[in-house]
Amino acid sequence: MTPAAPPQGFRHLAGHLDAALQARLVREVLAGVAASGGFFRPHMPRTGRPFSVLMGNLGPLGWVSDRHGYRYQERHPLTGRPWSPMPDALLALWRELAGDPRPPECCLVNWYRADSRLGLHRDEDEEVFDAPILTISLGDDAIFRIGGLRRRDPTWRVRLKSGDVVVMGGTSRLAYHGIDRILPDTSTLVPDGGRLALTLRRVRAA
Ligand code: MD3
Ligand code: FE
């Protein structure tokens, strides 16, 4: 069964970013990721299984996953370099849409190719859950799935397109969600193809 609507606090702003801003974000985000050491492939803590998604981070804290667990850290796991700063355009979107006076501390950059997926999970490695999560989709379309607070709750599917912004506040902040699949070659925005998802999070209280 599919619920009539996604959880309270979920907002899908379709087509929020114009083509020029999308192109600027791709350029600035890829330059920032390259400067700290490039994309890395995370691994699942218990099994060591590699993610099919490549990751990078921008901002003071970056999310990483390896045999030791999931965590936020200040440096790239392979180069030890600090993450590059978040582009101003991302901070401006947060100010416009997040409704929280504190800036985001992490922009996780997920790079999906044709066969990449992200299984159903909750974002719960942060120390605070009172700020929303904001996600920007760039490049190929994706089938996004969002459910409720329990893994077995019914889920709801949304097709995310380049330039869409999703805000997860309220109840939806801790809802199960994932990316079922990418629709390859539906966009030419990303130079090497695929989809970039930029996920902005507040990690710490102060
Ligand atoms: C709903 N990323 O990085 S974005 C993630 O497209 C993540 O890369 C997906 O899930 C992506 O953790 C989905 C939308 C998203 C992000 C965080 C959420 C939806 C969310 C947190 C709570 C509920
Ligand atoms: Fe997530």
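Everything in this summary refers to the structure shown in the same document. (Residues numbered from 1 in each chain as written. Chains lettered and ligands numbered in written order. Predicted model: local features only at pLDDT ≥ 70, side-chain atom pairs only at ≥ 80, totals over all residues. Heavy atoms only, no water.)

Per the secondary structure count, the chain includes two helices and 12 strands. The linear arrangement of helices and strands in the chain, starting from the amino end, is β-α-β-β-β-α-β-β-β-β-β-β-β-β. Rg of the C-alpha trace for the chain: 16 Å, near the compact-globule value of 17 Å for 206 residues, within the 12% margin. Within the chain, the fraction of its 206 residues that count as buried is 53%. Sequence separation of 24 or more characterises 76% of the internal contacts of the chain that already satisfy a separation of 6 or more. By element, 52% of the accessible surface of the chain is carried by carbon and sulfur atoms, the whole surface being about 9,800 Å². The positive charge centre, built from 28 side chains, and the negative charge centre, built from 22, are 5 Å apart in the chain. (Helix = DSSP H or I, 4+ residues; strand = E, 2+ residues; numbered from the N terminus. Rg over C-alpha atoms; globule rule 2.2 N^0.38 Å. Buried < 20%, exposed > 50% of the residue type's maximum accessible area, 1.4 Å probe, protein only. Contact = heavy atoms within 4.5 Å. Areas by Shrake-Rupley, 256 points an atom, 1.4 Å probe, with all protein chains shown as cover. Lys, Arg positive; Asp, Glu negative; His and termini not counted. Charge placed at Lys NZ, Arg CZ, Asp CG, Glu CD.)

On to the coordination of the iron ion (ligand 2). For the iron ion (ligand 2), the full set of protein donor atoms is His121 (NE2), Asp123 (OD) and His177 (NE2), at a range of 2.0 to 2.2 Å. Mapping the donors of the iron ion (ligand 2) onto the primary sequence gives the spacing H-x1-D-x53-H. Placement of the pair is histidine 121 in strand S6 (residues 118-121) and histidine 177 in strand S11 (residues 177-183), with a sequence separation of 56 residues. The exposure class assigned to histidine 121 is partly exposed, which follows from its relative accessible area of 22%. (Donors = N, O, S within 2.8 Å, 3.2 Å for Na, K, Ca; no water.)

Here we take up the side chain of glutamine 73. With respect to the secondary-structure elements, glutamine 73 resides in strand S4 (residues 69-73). When its relative accessible area of 19% is taken as the criterion, glutamine 73 is described as buried. Of note is the side chain of glutamine 73, whose polar atom sits 3.1 Å from the side chain of arginine 71. From its side chain, glutamine 73 meets the backbone oxygen of arginine 75 in a polar contact 2.8 Å long. For glutamine 73, the residues in contact, after removing those within four places along its chain, are Pro60, Leu61, Gly62, Val64 and Trp83. (Polar contact = N/O pair within 3.5 Å; in protein donor to acceptor, adjacent residues only side chain to side chain.)

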